Amino acid sequence: MTPAPVRGDHEPITTNGTIALVNLSARIDGLTAQARQADHAGPFTVAPQAGLVDLLTLRGHFLGRIADYEQAARLADGLVRRAPERTAALLARARARATLHRFAEAMADLDAADRLGAASATLDAERAAILQAVGCHAEARSLLRKAALHQSDFAMLGALAVFRAERGETAEAEHAFEEARRRCHGVSPFPLAQLDFRRGVMWMREGDLPRARRWFEAACRRVPGYAPATGHLAEVELLLGDPRAAVVRLRSLAETSDDPEYAAHLARALRAADRHREAQAWRDRAAEQYEDLVLRHPEAYADHAADFWLTVGGDVDRGLQLALRTLVMRQTTRSYALVGRARAADGQETLGTALPRHLAVNM
């Protein structure tokens, strides 16, 4: 299959990504200062602090900063304590909790916001994202279709594209991705970069590495330093047999991000480049970080840690233990596949990891 080019006939024009990241941090600093003033003397208002929660989550995603996710979660908890009857506070906390895969708590916040009269289309979209993450695809599809009746903007089309991509419906997803690009009228580079990144993830899952690379490169051009896109681009280069290029991309990212995934990928790339001493140092760093993260946020990082131990971490027993822990938390196709990999690596029978019928049907 010949990779489709990144089209230019309707290429949205957005703010320079580097400048946008600087501006994002400046907005976060300004809202943080306002929040501190309000704590001491000023009037308390929900909207700016709810916005701060979302901005921290956004920066955490683009720069690979788990500390931003954690700060967002703390701020959201405080916001709901101070304004438990405000839907904006509950929605902000639901998104912050979902980012750390605390899905049951996030759903509880959405239910509370529903009782207080939050917009149904907003709630449907948020619930659909959570249901999609835990493998309830039929329910997620129903909610997305319902929400789409009330809004057909860039965000909704992007959500539909990602849903179809994760379901393996590549033709439908491609159409939705392209239509979402046509509906992108804002000047912020972040939504479009995220859309292109998710498009690259789809093609990487499909095994079309040239097409995946093209969309990861598009995301990185839109926002230079975009951590997940850079990390996936390095993975593609490694799979295509260029470990040196992967090392170059990953080194600065592994040094600046507190997400051990990048240190783990760097260790793998260095091994492939026959730089074993350097690889061991980064492997040890990733191991320490993963153990700490699993203690703090098991819902979000146990599966990543399991994958690390099964690969460059080199501890199959630990990988199996964490894979089984992930399966207890989320009975998704990916969780079952992770357990299957772990048991195969451990030499165990995989009969017990067969997909239940309801999950197999929803694949």
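About the cut-offs
Residues numbered from 1 in each chain as written. Predicted model: local features only at pLDDT ≥ 70, side-chain atom pairs only at ≥ 80, totals over all residues. Heavy atoms only, no water. Helix = DSSP H or I, 4+ residues; strand = E, 2+ residues; numbered from the N terminus. Rg over C-alpha atoms; globule rule 2.2 N^0.38 Å. Buried < 20%, exposed > 50% of the residue type's maximum accessible area, 1.4 Å probe, protein only. Contact = heavy atoms within 4.5 Å. Areas by Shrake-Rupley, 256 points an atom, 1.4 Å probe, with all protein chains shown as cover. Lys, Arg positive; Asp, Glu negative; His and termini not counted. Charge placed at Lys NZ, Arg CZ, Asp CG, Glu CD. Salt bridge = Lys/Arg side-chain N within 4 Å of Asp/Glu carboxyl O. pLDDT = per-residue confidence, 0-100. Axes fitted to C-alpha atoms, helices over the stretch in contact; angles between N-to-C directions. Parallel < 35°, antiparallel > 145°, perpendicular 65-115°, else oblique. Left-handed = near helix turned anticlockwise from the far one by under 90°. Nonpolar A, V, L, I, M, F, W, Y, C, P; charged D, E, K, R; others polar. Expected span 1.5 Å × (residues − 1). Phe/Tyr/Trp six-rings, centres within 6.5 Å; stacked < 30°, edge-to-face > 60°. 1 Å grid on protein atoms, 1.4 Å probe; cavity = no way out; pocket = protein on both sides within 12 Å on 5 of 7 lines; lining within 4 Å. Points joined across faces, edges and corners; volume = space filled by probe spheres on them.

*Asks:* Quick rundown of the overall build of the chain? Include the residues and the values.
*Replies:* Looking only at helices and strands, one finds 19 helices and zero strands in the chain. On C-alpha atoms alone, the chain measures out to a radius of gyration of 21 Å, which is about the 21 Å that the 2.2 N^0.38 rule sets for 363 residues. With the C-alpha coordinates aligned to their principal axes, the bounding extent of the chain is approximately 60 × 45 × 45 Å. Sorting the 363 residues of the chain into buried and exposed places 51% on the buried side. Once local pairs closer than 6 in sequence are excluded, the contacts in the chain between residues at least 24 apart make up 56%. In the structure as shown, the chain presents an accessible area of about 17,000 Å², 52% of it carried by carbon and sulfur atoms. For the chain, the separation between the mean place of its 48 positive charges and that of its 47 negative charges on side chains is 2 Å.

*Asks:* Residues and numbers for the pattern of salt bridges, please.
*Replies:* Taken as a whole and assessed by the stated rule, the structure comprises 30 salt bridges. Here Arg-183 makes a salt bridge to Glu-179, at a shortest N to O gap of 3.2 Å. Exposure remark for Arg-183: the relative accessible area of 32% places this residue in the partly exposed category. The residue Arg-341 makes a salt bridge to Asp-307 at a minimum N-O spacing of 2.8 Å. In this pair, Arg-341 is assigned in helix α18 (residues 333-346) and Asp-307 in helix α16 (residues 298-310), connecting sequence segments 34 residues apart. We classify Arg-341 as partly exposed; its relative accessible area is 39%. A relative accessible area of 30% places Asp-307 in the partly exposed class. Taken together, the shared-partner salt bridges in this structure form one network comprising Asp-77, Arg-93, Arg-97, Arg-102, Glu-105 and Asp-109.

*Asks:* Can you explain the confidence of the model for the chain? Please cite residues and give values.
*Replies:* Summary statistics for the chain give a mean pLDDT of 89 and a share of 90% for residues scoring 70 or more. Low pLDDT, under 50, characterises residues 1-5; the predicted model gives this stretch 10 contacts beyond four residues in sequence or across chains.

*Asks:* Residue-level account of the packing of helix α10 (residues 190-205) against helix α11 (residues 209-222), with values.
*Replies:* For the pair α10 and α11, interaxial distance at closest approach is 8 Å and the crossing angle is 165°. Judged on the interaxial angle alone, α11 and α10 are roughly antiparallel. When the axes of α10 and α11 are compared, the crossing they make is left-handed. For the pair α10 and α11, the contacting residues are Leu-192, Ala-193, Asp-196, Phe-197, Arg-199, Gly-200, Val-201, Trp-203 and Met-204 in the first and Leu-209, Arg-211, Ala-212, Trp-215, Phe-216, Ala-218, Ala-219 and Arg-222 in the second. The class makeup of the residues in the contact of α10 with α11 is 12 nonpolar, one polar and four charged.

*Asks:* Describe in detail helix α8 (residues 154-166), supporting the description with residues and values.
*Replies:* Along an α-helix, residues three or four positions apart point the same way, because every turn accommodates 3.6 residues. The terminal C-alpha atoms of α8, which comprises 13 residues, lie 18 Å apart, in line with the 18 Å expected from a rise of 1.5 Å per residue. Those residues of α8 not exposed but buried are Phe-154, Met-156, Leu-157, Gly-158, Leu-160, Ala-161, Val-162, Phe-163 and Ala-165. Buried-residue contacts for α8 involve α6 (120-133), α7 (137-148), α9 (170-182) and α10.

*Asks:* Let's hear about the environment of Arg-275: which residues, and what values?
*Replies:* With respect to the secondary-structure elements, Arg-275 resides in the loop between α14 (260-272) and α15 (276-296). In contact with Arg-275, other than residues within four places in its own chain, are Val-247, Arg-251 and Leu-270.

*Asks:* Describe the side chain of Arg-93, with residues and values.
*Replies:* When you line up the elements, Arg-93 lands in helix α4 (residues 87-99). You can call Arg-93 buried: its relative accessible area is 14%. Residues within four places of Arg-93 in sequence aside, it is in contact with Ala-76, Asp-77, Val-80 and Asp-109.

*Asks:* Explain the packing of aromatic side chains residue by residue, including any values.
*Replies:* Evaluation of the coordinates by the stated rule reveals six aromatic pairs. Here the aromatic rings of Phe-62 and Tyr-226 are separated by 4.2 Å at their centres, their planes lie at 35°, and the arrangement is tilted. Of this pair, Phe-62 sits in helix α2 (residues 46-63) while Tyr-226 sits in the loop between α11 and α12 (227-239), placing them 164 residues apart in sequence. Classification of Phe-62 by relative accessible area gives buried; the value is 0%. Tyr-226 gets classed as buried once you look at its relative accessible area, which sits at 0%. Ring geometry for Tyr-290 against Phe-308: centres 5.3 Å apart, planes inclined by 35°, an arrangement best described as tilted. Of this pair, Tyr-290 sits in helix α15 while Phe-308 is found in helix α16, placing the two residues 18 residues apart along the sequence. The pair Tyr-290 / Phe-308 is uniform in exposure class, with both members buried. Among the aromatic residues, those joined into a ring-pair cluster are Phe-62, Phe-190, Phe-197, Phe-216 and Tyr-226.

*Asks:* How would you explain empty space enclosed by the protein if you had to name every residue and give the values?
*Replies:* Overall, the coordinates contain one cavity of 30 Å³ or more when judged by the stated rule. What the largest cavity holds in volume is close to 30 Å³. Secondary-structure elements contributing two or more residues to the lining of the largest cavity are α8 and α10. Here the lining of the largest cavity gets four residues from one element, more than from any other, and that element is α10. Class assignment of the residues belonging to the lining of the largest cavity gives a composition of four nonpolar, no polar and three charged.

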